[in-house]
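So the chains spell out like this:
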Amino acid sequence: MAGSWEAIKSSFDTALTAAGLVAAGERAAFALCRPPGHHAGTAFMGGYCYLNNAAIAAQWFRDRGAGRVTILDIDYHHGNGTQEIFYARADVQVINLHGDPLTEYPHFLGHRDERGAGPGEGFNLNYPLPAGTDWAGWSAALDDALARIAAYAPDILVVSLGVDTFEKDPISAFRLRSHDYPHIGARIAGLDLPTLFVMEGGYAVAEIGVNAVGVLTGFEGA
Ligand SMILES: [Zn+2]
């Protein structure tokens, strides 16, 4: 594991550098984090994730005065670490769109009835979707999620950006196509919030860049 810590630290440093740009007034920034983070919780790692880059950035914004932060996780897999970290908190809303955990990793979290606990009740929202979900079904869930975010009215939006929702992703079962990704960015831009994109998963190696850039260009052009 020589070198792992250096990589892990560089990854969350990347997220914090991008968070700093947003805090300084940039409309958006993209943190190309490797390793990813959303399966890492307060005391566990998983799914190639060691420390939760998006959660670290969200807490960084809170520590610097943001009253409310939303993390929107659009990776194919449920962000179980992010959910666990903020599950009992109302100051960080966590919303996940993902493959149904009955059949997909991480299997034990991500069900619709997990809605937060204690003061966090109602501030954790899950949209588990069936294998084969295409743009029509996925974007309908996204639109519902965006309405929930607008109602919450956060100061900052952190997007856990996975592109393993792609139709040719080798380990996933959604059916998004490359031309769908700019529309994701444009719809997220419609929230008109300072936005930090943090890279999560994506395993169709040739298309990861195309699809991630698609989201960003869609956001930028909206
Ligand atoms: Zn994933």
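One can find the structure itself at the top, above this paragraph.
Owing to the predicted nature of the structure, the values given are computational and were not obtained by experimental measurement.

S.K.: Explain the overall build of the protein chain to me, please; I cannot follow it from the model alone.
M.R.: Counting its regular elements, the protein chain contains six helices and six strands. Secondary structure of the protein chain in N-to-C order comes out as α-β-α-β-α-β-β-α-β-α-β-α. Over its C-alpha atoms the protein chain spans a radius of gyration of 16 Å, differing by no more than 12% from the 17 Å that the globule rule assigns to 222 residues. Dimensions along the principal axes, computed over C-alpha positions, put the protein chain at roughly 45 × 40 × 40 Å. Across the 222 residues that make up the protein chain, the buried fraction comes to 54%. Looking at the protein chain alone, contacts between residues at least 24 apart form 73% of all its contacts between residues at least 6 apart. Each charge class in the protein chain was averaged separately, 14 positive and 25 negative side chains, and the resulting centres sit 3 Å apart.

S.K.: How do you make sense of the sheet that holds strand β4 (residues 124-129) when you look at a structure like this?
M.R.: Two modes of strand pairing occur in sheets, parallel and antiparallel, and in both the strands are linked by backbone hydrogen bonds. Spatial strand order, β1-β6-β5-β2-β3-β4: six strands in an open sheet with parallel pairing. The outermost strands of the open sheet, each flanked by one partner alone, are β1 (28-31) and β4. Averaged over all neighbouring strand pairs, the angle between strand axes comes to 15°, with direction disregarded. Note that strand β3 (residues 92-99) and β4 share six bridges and pair parallel. By the bridge assignment, Asn-96 is partnered in β4 with Asn-126. This element, helix α2 (residues 53-63), spans β2 (69-73), β3, β5 (156-161) and β6 (195-199) of the sheet and lies at about 165° to β2.

S.K.: Explain the packing of helix α5 (residues 181-189) against helix α6 (residues 205-221) here, please?
M.R.: A packed helix pair is summarised by two numbers, namely the angle formed by the two axes and the spacing between the axes. Where α5 meets α6, the axes come as close as 6 Å, and the angle between the chain directions of the two elements is 40°. Classified by chirality, the crossing of α6 by α5 is right-handed. Residues Tyr-181, Pro-182, Ile-184, Gly-185, Ala-186, Ile-188 and Ala-189 of α5 form the contact with α6, whose participating residues are Asn-211, Gly-214, Val-215, Gly-218 and Phe-219. In terms of residue class, the contact of α5 with α6 is made up of eight nonpolar, four polar and no charged.

S.K.: What is the right way to look at the packing of aromatic side chains in this model?
M.R.: Any aromatic ring pair is given by two values, namely how distant the centres are and how the planes are angled relative to each other. Tallying each qualifying case throughout the model produces seven aromatic pairs. An angle of 90° between the planes, with centres 5.3 Å apart, marks the rings of Phe-197 and Phe-219 as edge-to-face. Taken together, the residues Phe-197 in strand β6 and Phe-219 in helix α6 connect sequence positions 22 residues apart. Like Phe-197, the residue Phe-219 is buried in the burial classification. The residue whose ring lies beneath Arg-68 is Tyr-152, and the NZ or CZ to ring-centre distance is 5.7 Å.

S.K.: Would you explain a nonpolar patch on the surface in this entry?
M.R.: Residues Trp-5, Met-45, Tyr-50 and Leu-51 make up a contiguous nonpolar surface patch of roughly 380 Å² in combined accessible area. Checked against the element boundaries, Trp-5 lands in helix α1 (residues 4-23).

S.K.: Would you mind going over the pattern of salt bridges with me for this structure?
M.R.: Close approach of charged atoms lets side chains of opposite charge pair. Counting across every chain of the model gives five salt bridges. Across the pair Lys-9 and Asp-13 runs a salt bridge whose closest N-O atoms are separated by 2.6 Å. With Lys-9 and Asp-13 both in helix α1 and four residues apart, this pair spans about one turn of that helix. Lys-9 sits in the partly exposed class, given a relative accessible area of 36%. Judged by relative accessible area, Asp-13 falls into the partly exposed class, the value being 28%. We note a salt bridge from Arg-62 to Asp-91, for which the minimum N-O separation is 2.7 Å. You can see Arg-62 sitting in helix α2 and its partner Asp-91 sitting in the loop between α3 (80-86) and β3, a full 29 residues away along the chain.

S.K.: Where do I start with the environment of Leu-72 in this structure?
M.R.: For Leu-72, the location among the structural elements is in strand β2. Leu-72 sits 22 residues away from Val-94 along the chain, and the two C-alpha atoms are 6.2 Å apart. Ignoring anything within four residues of it in the chain, the contact list for Leu-72 reads Ile-95, Leu-97, Leu-142, Ala-145, Leu-146, Ile-149, Leu-157, Val-158, Val-159, Ser-160 and Ile-188.

S.K.: What should I look at first to understand the coordination of the zinc ion in this one?
M.R.: Under ideal tetrahedral coordination, the four donors around a metal are separated by 109.5 degrees; under ideal octahedral coordination, the six donors are separated by 90 or 180 degrees. For the zinc ion, the full set of protein donor atoms is Asp-75 (OD), His-77 (ND1) and Asp-164 (OD), at a range of 2.0 to 2.1 Å. Of note, the donors binding the zinc ion are all from one chain and are spaced D-x1-H-x86-D. Note on accessibility: Asp-75 and His-77 belong to one class, buried.

Thresholds applied
- In this convention, every chain numbers its residues from 1, walking through the sequence in written order.
- Totals for whole chains, interfaces and linings use all residues, but because this is a predicted model, local features are given only for residues with pLDDT of at least 70 and pairs of side-chain atoms are given and counted only at 80 or more.
- Each side-chain value is derived from all of the structure's non-hydrogen atoms; neither hydrogens nor water enter the calculation.
- Working definition: helices are DSSP H or I runs of at least four residues, strands are E runs of at least two. Numbering for both runs from the N terminus.
- The reference for a compact globule is 2.2 Å times residues^0.38; the radius of gyration itself is calculated from the C-alpha atoms.
- Each residue gets one of three labels from its accessible area relative to the maximum for its type: buried under 20%, exposed over 50%, partly exposed in between, using a 1.4 Å probe on protein chains only.
- The criterion used for residue contact is that any of the two residues' heavy atoms lie within 4.5 Å.
- For the purpose of counting charges, residues Lys and Arg are taken to be positive, whereas Asp and Glu are taken to be negative. His and the chain ends are not included.
- The location of each charge is read from NZ of Lys, CZ of Arg, CG of Asp or CD of Glu.
- DSSP-based pairing: two strands are paired if at least 2 bridges between them are found.
- What counts as an axis is a line fitted to C-alpha atoms, over the stretch in contact for a helix, and the angles between N-to-C directions run from 0 to 180 degrees.
- Handedness of a crossing follows from how the near helix is turned relative to the far one, being left-handed for an anticlockwise turn of less than a right angle and right-handed for a clockwise one.
- Think of it as three bins: nonpolar holds Ala, Val, Leu, Ile, Met, Phe, Trp, Tyr, Cys and Pro, charged holds Asp, Glu, Lys and Arg, and polar takes everything else, Gly as well.
- Aromatic rings from Phe, Tyr and Trp, with only the six-membered ring used for Trp, were paired whenever their centres fell within 6.5 Å, and each pair was classed as stacked if the ring planes differed by under 30 degrees, edge-to-face if by over 60, and tilted otherwise.
- A ring has a charge above it when a Lys NZ or an Arg CZ is no more than 6 Å from the ring centre and no more than 35 degrees off the ring normal.
- Excluding any residue in a salt bridge, patches collect residues exceeding 30% relative accessible area, merging like charges within 9 Å and nonpolar Val, Leu, Ile, Met, Phe, Trp and Tyr side chains within 5 Å.
- Computed with the Shrake-Rupley method and a 1.4 Å probe, the accessible areas treat only the protein chains shown as cover for residues.
- Just to be clear on terms, a salt bridge is a Lys or Arg side-chain nitrogen sitting within 4 Å of an Asp or Glu carboxyl oxygen.
- Listed donor atoms are N, O and S within 2.8 Å of the metal (Na, K and Ca: 3.2 Å). As water is not included, a site may look incomplete.

Don't take any of this as a statement about function, it's just geometry.
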